[in-house]
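Breakdown of the fold
Residue strings, one per chain:
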Amino acid sequence: QVQLVESGGGLVQPGGSLRLSCAASGRIVSINTMDWYRQAPGKERELVASIRSGDSTTYADSVKGRFTISRDNAKNTVYLQMNSLKPEDTAVYYCKAVISNWPYWGKGTLVTVSS
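Overview of the structure. (Residues numbered from 1 in each chain as written. Predicted model: local features only at pLDDT ≥ 70, side-chain atom pairs only at ≥ 80, totals over all residues. Heavy atoms only, no water.)

**Section: the pattern of salt bridges**
Counted by the stated rule, this structure contains 4 salt bridges. The salt bridge partner of Arg38 is Asp89, with a shortest N-O separation of 2.9 Å. Of this pair, Arg38 sits in strand E4 (residues 31–39) while Asp89 sits in the loop between strand E8 (77–82) and strand E9 (91–99), and the two are 51 residues apart along the sequence. Judged on exposure class, the residue Arg38 and its partner Asp89 are both buried. Residues Lys64 and Asp61 are paired through a salt bridge, measuring 3.1 Å at the closest nitrogen-oxygen approach. Relative accessible area serves as the criterion here: at 63%, Asp61 is assigned to the exposed category. (Salt bridge = Lys/Arg side-chain N within 4 Å of Asp/Glu carboxyl O. Helix = DSSP H or I, 4+ residues; strand = E, 2+ residues; numbered from the N terminus. Buried < 20%, exposed > 50% of the residue type's maximum accessible area, 1.4 Å probe, protein only.)

As structure tokens, this is what we get:
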């Protein structure tokens, strides 16, 4: 059984920063891609950032230059550093990992950007 647990969400003022973490645990042989998604109220879930096993990354246009995804393979953990946060970044952020070609999701962590 594999579990993904996100942490680091919270309330932050516009222009502020947060760092999200997602740790995978359980029977893990190899982790391929690790992603961060988000879902704002009334909107569909969208892909925010991806990092592949070779550490190549992709970002949604809306977060390029502000968010950075990284991973620590020794800890089976992916991070999302979020800077210059905007109210429109408010959402539940979900971690997804493809482990042995099977997708797993975390339960999400809420990020609220508000003054």
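**Some details on the side chain of Asp35**
For Asp35, the position within the fold is in strand E4. Despite being buried, Asp35 has no salt bridge partner; Lys96 is the closest side chain of opposite charge, sitting 4.2 Å away. Beyond its immediate sequence surroundings of up to four residues, Asp35 is in contact with Leu47, Ala49, Ser50, Ile51, Tyr94, Cys95 and Lys96. (Lys, Arg positive; Asp, Glu negative; His and termini not counted. Contact = heavy atoms within 4.5 Å.)

**Some words on the side chain of Ser21**
Topologically, Ser21 is positioned in strand E3 (residues 18–26). We classify Ser21 as buried; its relative accessible area is 18%. Apart from residues lying up to four places away in sequence, Ser21 is in contact with Val5, Glu6, Ser7, Trp36, Val78 and Tyr79.

**Details of the pairing of E8**
With respect to burial, E8 is a largely interior element, 5 of its 6 residues being buried. Both strand E7 (residues 67–72) and E8 contribute to a ladder of 6 bridges, which runs antiparallel. What sits directly across from Thr68, in E8, is Gln81. The turn linking E7 back onto E8 is made up of 4 residues, and Asn76 within it adopts a positive phi angle of 50°. (Pairing = 2+ DSSP bridges.)

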